[in-house]
Amino acid sequence: TKSGKLLSDLDLFENENKLFGEDRISFLPEPLLCHILSFLTTEQAVWTSVLSSRWRHLWKWVPRLELNTLDFTNDQLCVDFIHEFLAFQGKHYLREFKLTIDHDGLNSEVYLYKPCLGKVLDMRKLERFQFQVENKFGAIDDIDDVIRTPLTLSACEALVCLKLHHVSLYELVSLSLPCLKIMYLEDVVLPSDAAAEALISCSPVLEVLKICLSKDDSVVALRVRSLSLKSFVLRRAEPFYARGRSVVIDAPKLERLSLMDYYHFRRFEIISKAESFKVDIDVEFELMSDNFDYLSETKIICNLVKDFSGVKDWTISWKTLEFIYIYPIPKLHDLTRLRAAMCLNASPKLMPIVLESCPNLKHLKLELVIDSPYAVSTRLSTVLPRCLLSSLESVEMETPVTEIATELSLARYFMKNSKKLEKLVLRLDESTGEQHKPGVLERLVKYSRRCKLSQFEVLPVVPTPSPWPGYVHVKSNRF
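Being a predicted model, the structure only gives us computed values, none of them experimental. (Residues numbered from 1 in each chain as written. Predicted model: local features only at pLDDT ≥ 70, side-chain atom pairs only at ≥ 80, totals over all residues. Heavy atoms only, no water.)

Explain the overall build of the protein chain to me, using residue names and the numbers behind them.
Per the secondary structure count, the protein chain includes 11 helices and 20 strands. Considering the protein chain as a whole, with its 479 residues, one finds that 47% of them fall into the buried category. Pairs at least 24 residues apart make up 65% of the contacts formed inside the protein chain by residues separated by at least 6 positions. Just so you have it, the protein chain exposes about 25,000 Å², and 55% of that area is on carbon and sulfur atoms. (Helix = DSSP H or I, 4+ residues; strand = E, 2+ residues; numbered from the N terminus. Buried < 20%, exposed > 50% of the residue type's maximum accessible area, 1.4 Å probe, protein only. Contact = heavy atoms within 4.5 Å. Areas by Shrake-Rupley, 256 points an atom, 1.4 Å probe, with all protein chains shown as cover.)

Set out below in structure tokens:
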């Protein structure tokens, strides 16, 4: 890591100095030495105190405090250390604070951190504040058993970045965050609609906002109103989140919106956004079994697509795509760029439908996924259904060609039906390349010349071996 390399470089430099009979690094100005230590965690910075007498107390003047409770035998020792560090530096020194509570079930005493966290947020020049709860040795769901740390935000005049996880925020009174540009709220309990809106509106230069809705908060109508916001990520990790909630976005400079995990809002409205607006949708929809709710919620889905009908750039996952195209949706006339994931077996049938709903699509990036272990052995038909002629100019397959070669069938389909196609990119897994029928790629190259493609590429892909054979790595849901 960068910090580990820095420590080894410092040791090397110190050893070289000793060979020449002098300690040149200790003659550097203290502000420079503290700046060097600021690239390390607090634990690593403390280690440097053994380098020489000059370094013994330097770590105490580093304007950055990064701690993990795993480095302490209990929570009280960690809290005491924070208090002593803050008392030594005073109110006008600390710039960055990061605390990770790695709990072990019900034994964590997170309530002890409230006073010291309040003192940290009261630091006049604090620019970055990050608080998170993890569980490296237990199930992720065990985090729900830990009582959320209560936190009160006040005027933080210099704060630029705020990242909170598993926290309960109290009512926000006279809150001012004039310099805040980045705010992450993951599983943060907000007391009311007004508190959520105030937290955003009191940040006049906010550019990046990420919110993971908590099942325990009291927010019914989430209103995101900001004149400066450029990127907004909204995640709902709990499938059984309370129903009847709404989201309203009024952000004239918003360039990117990402929706993640589960989607169920009675109202989702975008009042204003930037002209160069991009959407990334990776959600599952929840439908009720009775007819009334079923019709109501399918209307929500259609309205969501309608809200994005003027978007020019979409990224959409397979779990979202497979549901949206079950129902009639408005045509996306303004969509020119699409990055989509599709099931390998469903792609030949679904592709014409997608292209027909995007009559002016110019650039397509396609990821074909296998959503069942039997999809690989299924023999697919090479006869693709007919559809409207596409306006595509470029197509890129982001996943390598599989043994059943559905990707090659799609490549022929694009070249045959798209009159404006200029660029086609395929990827070939070199470890399985011999399993494909001989001469297939060569015939595609000849066909691309006949179709007058200006660019036809086949990129080699070497899969990264898994360090745990037989195990599937699951990507973390954390922001």
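Please provide a residue-by-residue account of the environment of glutamine 132, values included.
By the element assignment, glutamine 132 lies in strand 3 (residues 128–134). The buried category is assigned to glutamine 132, whose relative accessible area is 11%. A C-alpha to C-alpha distance of 6.1 Å links glutamine 132 and leucine 164, two positions 32 residues apart in sequence. A polar contact is formed between the side chain of glutamine 132 and the side chain of glutamine 130, at a distance of 2.8 Å. (Polar contact = N/O pair within 3.5 Å; in protein donor to acceptor, adjacent residues only side chain to side chain.)

Report on the pairing of strand 3, specifying residues and quantitative values.
With five of seven residues buried, strand 3 is to be regarded as a mostly interior element. Pairing of strand 2 (residues 96–102) with strand 3, which is carried by seven bridges, proceeds in the parallel orientation. Each residue of the ladder has a partner; that of isoleucine 101, found in strand 3, is valine 133. (Pairing = 2+ DSSP bridges.)

Any details on a positive patch on the surface? Residues and values, ideally.
Taken together, the side chains of Arg256, Lys278, Arg337, Lys365 and Lys423 define a basic patch exposed on the protein surface. Here lysine 278 lies in strand 14 (residues 278–285). Lysine 278 sits in the partly exposed class, given a relative accessible area of 34%. (Patch = residues over 30% accessible without salt bridge, like charges linked within 9 Å, V, L, I, M, F, W, Y side chains within 5 Å. Salt bridge = Lys/Arg side-chain N within 4 Å of Asp/Glu carboxyl O. Lys, Arg positive; Asp, Glu negative; His and termini not counted. Charge placed at Lys NZ, Arg CZ, Asp CG, Glu CD.)

How would you explain the side chain of aspartate 193 if you had to name every residue and give the values?
Position of aspartate 193 relative to the elements: it lies in helix 6 (residues 193–201). Look at aspartate 193: it is buried, it has no salt bridge, and the nearest opposite charge is arginine 223 at 4.6 Å. Look past the residues within four positions of aspartate 193 in its chain and what remains in contact with it is Ser218, Val219, Val220, Ala221 and Arg223.

Describe unusual backbone geometry, naming the residues involved and giving the relevant values.
If you check the backbone angles, histidine 166 has positive phi at about 60 degrees while not being a glycine. By the element assignment, histidine 166 lies in the loop between strand 5 (161–165) and strand 6 (167–169). The residue aspartate 187 is not glycine, and still its phi comes out positive at about 55 degrees. Along the chain, aspartate 187 falls in the loop between strand 7 (182–186) and helix 6.

A description of helix 10 (residues 406–417) should follow, citing residues and the corresponding values.
The terminal C-alpha atoms of helix 10 lie 17 Å apart, and with 12 residues this matches the ideal 16 Å at 1.5 Å per residue to within 8%. With 10 of 12 residues buried, helix 10 lies mostly within the body of the structure. Among all positions in helix 10, only Thr406, Glu407, Leu408, Ser409, Leu410, Ala411, Tyr413, Phe414, Met415 and Asn417 are buried. (Expected span 1.5 Å × (residues − 1).)

Explain the sheet that holds strand 11 (residues 246–250) to me, and be specific about the residues and the numbers.
Backbone-to-backbone hydrogen bonds pair the strands of a sheet. The strands run either parallel or antiparallel. The strand order across the open sheet built from three strands is 9-11-13, with neighbouring strands paired in parallel fashion. Edge strands, defined here as strands with exactly one partner in the open sheet, are strand 9 (221–225) and strand 13 (267–272). Strand-to-strand twist in this sheet, taken as the mean axis angle between neighbours without regard to direction, amounts to 5 degrees. (Axes fitted to C-alpha atoms, helices over the stretch in contact; angles between N-to-C directions.)

Describe in detail the packing of helix 4 (residues 75–89) against helix 5 (residues 114–121), supporting the description with residues and values.
The contact between helix 4 and helix 5 brings their axes to 9 Å, and the two run at 25 degrees. Considering the angle they form, helix 4 stands roughly parallel to helix 5. In this structure, helix 4 crosses over helix 5, and the sense of that crossing is left-handed. Between helix 4 and helix 5, the residues in contact are Val79, Ile82, His83 and Leu86 and Pro115, Cys116, Lys119 and Val120, respectively. Its residues assigned to classes, the contact of helix 4 with helix 5 shows six nonpolar, one polar and one charged. (Parallel < 35°, antiparallel > 145°, perpendicular 65-115°, else oblique. Left-handed = near helix turned anticlockwise from the far one by under 90°. Nonpolar A, V, L, I, M, F, W, Y, C, P; charged D, E, K, R; others polar.)

I'd like to hear about the nonpolar core, residue by residue, with values.
With 128 residues, the main nonpolar core has Phe129, Phe232, Phe268, Phe308, Trp314 and Phe414 as its most contacted residues. Ranked by residues supplied to this core, first place goes to helix 10 with six residues. Excluding residues that lie within four positions of it along the chain, phenylalanine 129 makes contacts with Phe97, Leu117, Val120, Leu121, Leu151, Leu159, Cys161, Leu162, Lys163 and Leu164. (Core = buried A, V, L, I, M, F, W, Y, C linked by side-chain atoms within 4.5 Å.)

An account of helix 2 (residues 30–37) is requested, with residue identities and associated values reported.
Considered for burial, the residues of helix 2 that qualify are Leu33, Cys34, Ile36 and Leu37. Considered in projection along helix 2, the buried side chains sweep an arc of 155 degrees and stay on one side of the axis. (Arc of directions from axis to C-beta.)

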